[in-house]
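Descriptive structure summary
The lines below spell out each chain.
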Amino acid sequence: MHRGTPSLDQINIIVRDMEASVAFYRRLGLEIDAAPGSQHVTVRLSNGLDLEFDSADFAAQWDSGCRGPTGSGVVIGFSLPSREAVDEAYADLTGAGGTGRQPPYDAFWGARYAIVEDPDGNAVGLMSPIDASSKFWPPVPPPRAPS
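Quick caveat, the model's predicted, so the values are computed rather than measured. (Residues numbered from 1 in each chain as written. Predicted model: local features only at pLDDT ≥ 70, side-chain atom pairs only at ≥ 80, totals over all residues. Heavy atoms only, no water.)

Time to look at the pattern of salt bridges. Under the definition given, this model contains seven salt bridges. A salt bridge links arginine 16 to aspartate 120; the shortest N-O distance between them is 3.2 Å. A residue pair is termed long-range when its members are at least 10 positions apart, and arginine 16 in the loop between strand E1 (10–15) and helix H1 (18–28) and aspartate 120 in the loop between strand E6 (112–117) and strand E7 (123–127) qualify at 104 residues. Taking relative accessible area as the criterion, arginine 16 reaches 57% and is therefore assigned exposed. Where arginine 101 meets glutamate 117, a salt bridge forms, and the shortest distance between an N and an O atom there is 3.9 Å. In this pair, arginine 101 is assigned in strand E5 (residues 99–106) and glutamate 117 in strand E6, connecting sequence segments 16 residues apart. Taking relative accessible area as the criterion, arginine 101 reaches 38% and is therefore assigned partly exposed. According to the relative accessible area criterion, glutamate 117 is partly exposed, its value standing at 22%. Through salt bridges with shared partners, a single ionic network connects Arg83, Asp87, Asp106 and Arg112. (Salt bridge = Lys/Arg side-chain N within 4 Å of Asp/Glu carboxyl O. Helix = DSSP H or I, 4+ residues; strand = E, 2+ residues; numbered from the N terminus. Buried < 20%, exposed > 50% of the residue type's maximum accessible area, 1.4 Å probe, protein only.)

Below, the structure is given as structure tokens:
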């Protein structure tokens, strides 16, 4: 049986607090149209990917095995337009109470990179465009977030 090549077109995030999650992703820069009390919100990203937020109660309607928000081992990556934009987004999100997991640094693959956690503990990667002149090898350990 040939199924063809799968295409990633949707990511669902199960959330504890829809308003807090929508506020976090709006602060990141996403345009989100969500009515107060929403149980399901869809955001169509510029690349055609749907980023969806579902309350645990709503997710249980379509996933009988739903364990609720778990803050899994997945990193949800967002590209930002510049190295400075990574630093600014990280400072803004952590300054608004978000948890910084990886402070911004110049990564070995040539990008400026950082990770913050959304309100449910999901890792959100912030990455600048790759600058070939900034690549280096071997990698060195990145800086740690303050404890």
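This part covers the nonpolar core. One broad rule of soluble globular proteins: the nonpolar side chains tend to lie buried together. In this structure, Tyr25, Ile32, Leu51, Phe53, Phe78, Val124 and Leu126 are the most contacted members of the largest nonpolar core, which totals 28 residues. Elements supplying a minimum of two residues to this core: E1, H1, strand E2 (40–44), strand E3 (50–55), strand E4 (75–79), helix H3 (83–95), E6 and E7. Not counting the four nearest positions on each side in its chain, leucine 51 is found in contact with Ile11, Ile13, Leu30, Val41, Thr42, Val43, Leu45 and Phe78. Of all hydrophobic cores here, the second largest spans five residues; its members include Ala107, Tyr113, Ile115 and Ala123. (Core = buried A, V, L, I, M, F, W, Y, C linked by side-chain atoms within 4.5 Å. Contact = heavy atoms within 4.5 Å.)

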